[in-house]
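One letter stands for each residue in the lines below.
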2 protein chains.
Amino acid sequence: MINVVVKLSEKNLSTPEQIGETAKRLIEEKKFGRNVVAVVPSTELINGSLNKIAYTLSDRPTERELDAIHSTNAQIASSLLVIAIQKRGFKALSLTGWQLGIKSTRKTGGNARIEDVNGDVIIERFKKGEIVVVAGGQGIDEENNITLLGEGGVDTTAVAIAKSIGADRVEIYTELDGVYTGNPTEIKRARKLKEITYDEMLELSYLGSNIVHPRAVELAKKFEIPIIVRSSTRNVRGTFIKGEIEMEKNLIVRGVAYETDIIRFTVGYESLEKSSLANLFNTLAKHHVNVDIIVQSVMSEVKPTISFSIAKEDLANAVKVLEDHKKELGFQFADFEVGLAKVSIVGSGMVSNPGVAARMFARLYQENIPVKMVSTSEIKVSVVVPQDDMIHAANALHDEFGLLEELI
Amino acid sequence: MINVVVKLSEKNLSTPEQIGETAKRLIEEKKFGRNVVAVVPSTELINGSLNKIAYTLSDRPTERELDAIHSTNAQIASSLLVIAIQKRGFKALSLTGWQLGIKSTRKTGGNARIEDVNGDVIIERFKKGEIVVVAGGQGIDEENNITLLGEGGVDTTAVAIAKSIGADRVEIYTELDGVYTGNPTEIKRARKLKEITYDEMLELSYLGSNIVHPRAVELAKKFEIPIIVRSSTRNVRGTFIKGEIEMEKNLIVRGVAYETDIIRFTVGYESLEKSSLANLFNTLAKHHVNVDIIVQSVMSEVKPTISFSIAKEDLANAVKVLEDHKKELGFQFADFEVGLAKVSIVGSGMVSNPGVAARMFARLYQENIPVKMVSTSEIKVSVVVPQDDMIHAANALHDEFGLLEELI
C-alpha cells in the first residue's frame with residue numbers, strides 16, 4: 001500500500017468551507033487506496049489575540065511559554081480537519097507533536113530542529129484505516145518542553161514523517177500549482193516545470209522562492225524522498241522534486257528567482273595587511289548579521305575594499321556592529337547602498353556550460369542594467385542590481401535562456 | 001518548606017489586569033517561602049469561536065477531537081500567567097496535563113477520572129525555585145489521547161497534585177471568600193464558617209453549592225488533605241475544610257442549601273405485587289434519568305404509590321422512559337408536579353441530635369410552608385417545598401438553627 005504525506009497550505013484551512021474541501025480531497029486519496037498523513041500549519045482561522053495579550057503582560061515573554069501558546073493553533077486546526085473528515089464517514093485522528101513523538105533539539109533562541117519521529121504511532125493508525133492529521137511545526141525537547149520548529153518547520157515535519165514511515169512521497173500543497181521558471185505574477189512567460197532536482201530547488205528556495213523551505217528540501221535530498229509540489233485547491237499535475245531528472249536535460253537554466261531589499265555594505269582599509277575577511281565576518285556572524293554575497297577587491301593601485309550584501313532587517317544591527325568594533329576590525333571607512341535587489345538564474349546544466357554567466361552579463365549589459373555584485377555557485381549565478389531594474393532583468397533573463405512553454 | 005496548591009478561579013484570569021494581579025498574589029505566597037503550584041481553569045478570555053466552528057463542520061464532532069481542542073484553553077491561560085509572573089522577576093513554568101503525567105481513565109462518554117499524577121516533575125521545578133502553573137482539568141489516557149476531566153475536573157486536579165507532592169494544603173480561590181451557612185445573596189444573615197468537615201462540605205456540594213466540587217472533596221477526604229476556600233481577589237481568611245473540626249461543635253446545623261427546578265413524579269400501582277422499586281429505578285437509570293429523593297407510600301387502604309424527584313433537564317426524558325416502558329413496569333398512572341425546590345440543612349452534629357428533623361418540620365409548619373417530600377441522611381435533612389417558598393424556608397431555617405454571626 002502506498003503511504004503519502006500531504007503538507008497542507010494555510011489556505012486549505014482558512015474557512016470552515018475550505019476545511020470541508022480539504023477533508024474531501026484527503027478522502028479522495030484514501031479512496032485510491034493510499035494511506036494518508038496530512039500535516040497542518042498554523043492558520044489565521046484560529047488566530048486569536050493571544051500574542052497581543054502575551055505582550056500586554058510582558059514586553060519580553062519567554063520563548064518557552066510563547067511556543068506553548070502558539071503550538072495550540074496547529075493542534076486545534078488538526079482537530080477541526082479530523083472532525084470534517086469524520087463527518088464524511090471516514091476514520092481520522094489528530095496528533096500533536098508530542099503525541100507523534102517528534103523529538104527536537106533544545107531551543108535557545110532560534111529554531112528547534114527535529115531529531116526523531118516515532119513513525120510507529122502512524123503505522124498503527126494506518127492499520128485501523130485512519131487518515132492521520134498531524135499538527136506541523138512542533139515537537140518536544142528532552143525535557144518535554146513544547147518547541148516550535150520555526151520557519152520551514154511544517155515542511156520539514158512532513159519530510160521527517162515521510163522518512164519515519166517510509167512514505168512513497170511528500171506532497172506540498174501550495175497557492176501555485178507547481179514550481180515555475182519564474183514568479184508567474186511578474187514574469188509573463190514563466191512556465192511550470194514538470195521536474196526539478198533537489199539541488200536546483202534548494203537554490204531556488206534560498207533565493208526567495210517560498211514554495212518549499214530549504215530545510216525540508218535538504219532533508220528530502222538526504223533520504224531521497226520525492227516531493228511533489230501541487231495546487232492546494234485544484235487537482236492538477238504539479239512539479240516533481242527528486243535526485244535526477246530524466247527530461248529537459250538540454251535546458252541549461254531551469255529558473256529565475258529574485259529578492260528585493262538587498263543592502264550592499266562596503267568596508268575600506270588603509271592597506272592589505274589591515275584587512276581581514278575572517279575578523280570581519282566572524283564579528284558580523286557573532287552578532288547575528290546574516291551576510292549573503294561577499295566581494296573582495298584587491299587592486300594594487302587602490303586601497304582594498306570588502307563588499308557584502310545583507311537583508312534590510314539586518315541594517316541597523318550591521319551598522320551598530322561595525323561602529324562598535326571599528327577599532328579592532330581596523331577599517332578606515334564603511335558605507336552602504338540601499339534600493340538594490342538580487343536576481344539569480346538556477347540550473348544544474350550550468351556546471352558543464354561555462355559560458356552561462358558571461359551570457360547573463362551580456363544580456364544585462366544589453367538591457368542597460370548595471371550589475372553591482374556577482375556571486376556564482378555550480379548551479380547558480382546571482383547578480384545584485386538596482387531594485388527598479390529587478391523585474392526587467394528577470395524577464396530579460398527568462399527570455400535569454402529560453403524558459404518558454406514550448407521547450408518543455 | 002511548605003508546599004501549597006492554589007486552584008484559581010476563572011475570574012483570576014478574566015483580563016490581562018487580573019492575570020497580573022493573580023501573578024502578584026502567587027509571588028506573595030512564594031515570598032513567604034512557600035513552594036507554589038497554581039492550577040488554572042479554562043477562561044473566557046481565551047474562548048474563541050472554536051466550538052462553533054467544530055459544530056459548523058459536523059453536527060456530531062467526536063469527543064476525542066473536541067477534548068483536544070478545548071484542552072488548549074487552560075494550556076494557553078497557564079502560559080499567560082507564567083509570562084506575567086516572569087515579568088515580575090520570578091521564575092515560573094507552565095505544565096499541561098501530559099507534561100505533568102496526569103494519567104486518566106479512558107473516556108467513553110462522560111468524564112475521565114485521574115489515575116495518577118507524576119509529582120516528581122513539580123518537585124524538580126520547586127528545586128529550581130519555580131512557581132509551577134498547571135493547566136487544570138486535563139490528562140491523557142493509556143493511548144496518549146488528551147482527555148478532559150469534565151465538571152469538577154479542575155478542583156480534582158488541584159487535590160490530586162497536592163497528594164502527589166505531599167502538599168500541606170489546597171487553596172480554592174472563589175468568588176465568595178469562604179463557605180457560608182447559606183447563600184449570602186439571598187440569606188440575609190448568612191455567615192462565613194471558619195471550619196467545616198469534609199462530609200458536611202460534601203453534602204453542601206451535592207446540594208448545589210458550587211464552591212468546591214464533590215469529586216475534589218471526596219479525594220481530599222480520602223487522603224486527608226486540608227482545603228482552604230478563600231477569596232480569589234482579596235487576601236482575607238477563608239474557610240478550612242478538614243476531617244475533624246475543633247470549634248463550633250455545639251452548632252448542630254452548619255449550613256442551609258437549596259436548589260430550584262425540582263420536579264416530583266408520582267407513579268401509582270394497582271396492587272403491591274405489581275410495584276417494583278428495582279424495576280422502576282433500574283429502567284430510569286439505564287436511560288440516564290438522575291433520581292434524587294425517593295418516597296414509597298404503602299398504606300393498606302389505598303393503592304401503593306412511589307414518588308421521586310428529578311431535575312428539570314430530565315423531565316422530557318423521564319416522561320418518555322415511563323411511556324415507553326409502561327407495560328413492563330406495570331404501573332397504572334404516572335403524573336408529575338413542577339415548580340418545586342429542595343431546601344436542606346447540613347451538619348455533622350445531627351447524628352447525635354435526633355430531634356433536628358422534627359424541629360425543621362415544626363418550623364416549616366409554623367411558617368405555613370408545605371413539605372412535599374422528605375429525605376434524610378446522617379448529616380443532612382432535605383425537604384421539597386414549593387419553589388415560591390424556598391427563600392422563605394431557607395431564611396426561617398437559618399434563623400431556627402441559630403446560624404448567626406455572634407455564635408461563631
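Quick caveat, the model's predicted, so the values are computed rather than measured.

Analysis parameters
- Residues numbered from 1 in each chain as written.
- Chains lettered and ligands numbered in written order.
- Predicted model: local features only at pLDDT ≥ 70, side-chain atom pairs only at ≥ 80, totals over all residues.
- Heavy atoms only, no water.
- Buried < 20%, exposed > 50% of the residue type's maximum accessible area, 1.4 Å probe, protein only.
- Helix = DSSP H or I, 4+ residues; strand = E, 2+ residues; numbered from the N terminus.
- Pairing = 2+ DSSP bridges.
- Axes fitted to C-alpha atoms, helices over the stretch in contact; angles between N-to-C directions.
- Contact = heavy atoms within 4.5 Å.
- Least-squares fit on C-alpha atoms with pLDDT ≥ 70 in both.
- Domains from an automatic or database assignment.
- Phe/Tyr/Trp six-rings, centres within 6.5 Å; stacked < 30°, edge-to-face > 60°.

### Some thoughts on the pairing of strand β18 (residues 380-386) of chain A
All names here are of chain A.
Point 1. Of all the 7 residues making up β18, 7 are buried; the element is thus mostly covered by neighbouring parts of the structure.
Point 2. Bridging between strand β16 (residues 333-346) and β18 involves 7 bridges; their strand directions are antiparallel. Residue pairing across strands places V343 opposite V383, the latter belonging to β18.
Point 3. As judged from the 5 bridges shared by strand β17 (residues 373-377) and β18, these two strands associate in the antiparallel manner. Paired with S377 across the strands is K380, a residue of β18.

### Description of the sheet that holds strand β6 (residues 131-135) of chain A
Within a beta sheet, neighbouring strands are joined by backbone hydrogen bonds and run either parallel or antiparallel to one another.
Residue and element names in this part refer to chain A.
Point 1. Ordered in space as β3-β6-β2-β1-β9-β11-β12-β10, the 8 strands form an open sheet in which the pairing is mixed. This sheet does not close on itself; its edge strands, each paired only once, are β3 (92-95) and β10 (195-197). Taking the axes of each pair of neighbouring strands and ignoring which way they run, one obtains an average angle of 20° across the sheet.
Point 2. Where strand β9 (residues 169-174) and strand β11 (residues 227-231) come together, 5 bridges link them in parallel fashion. Looking at β11, one finds that E171 is bridged to I228.
Point 3. Across the sheet, helix α4 (residues 120-127) lies against β1 (3-7), β2 (35-40), β3 and β6, angled at about 130° from β2, the strand it touches most.

### Some words on the relation of the copies chain B and chain A
Point 1. Rotating chain B by 179° and translating it 0.2 Å along the rotation axis places it on chain A, where the RMSD comes to 0.3 Å. Taken together, the rotation and translation relating the two chain copies correspond to the operation of a two-fold axis. The rotation axis passes nearest to the C-alpha of B:T72 in chain B, at a distance of 2.8 Å.
Point 2. The residues that chain B uses at the interface reappear at the interface of chain A in 100% of cases, marking a shared surface.

### Regarding the domain arrangement of chain A
Quite often, the size of an interface is put as the accessible area lost when its parts meet.
Point 1. By the assigned domains, chain A splits into domain 1 (3-174) and domain 2 (256-407).
Point 2. On a C-alpha basis, the centres of domain 1 of chain A and domain 2 of chain A stand 37 Å from each other.

### As for unusual backbone geometry
Point 1. A positive phi angle, near 60°, is found at A:N368, a position not held by glycine.
Point 2. The phi angle at B:E224 is positive, at roughly 55°, despite the residue not being glycine.

### Observations concerning the packing of aromatic side chains
Geometrically, a pair of aromatic rings is defined through the distance of the ring centres and the angle of the planes.
Point 1. Applying the stated criterion across every chain, the model contains 7 aromatic pairs over all chains.
Point 2. Each ring, one from A:F281 and one from A:F308, has its centre 5.5 Å from the other, and the planes form 85°; the classification is edge-to-face. With A:F281 in helix α8 (residues 277-286) and A:F308 in strand β15 (residues 305-311), this pair connects stretches of sequence that are 27 residues apart. Considered together, A:F281 and A:F308 belong to a single accessibility category, that of buried residues.
Point 3. Look at B:F265 and B:F336: their rings are 5.3 Å apart centre to centre, the planes differ by 40°, and that puts the pair in the tilted class. Highlighted residues: B:F265 in strand β13 (residues 255-268) and B:F336 in strand β16 (residues 333-346), separated in sequence by 71 residues.

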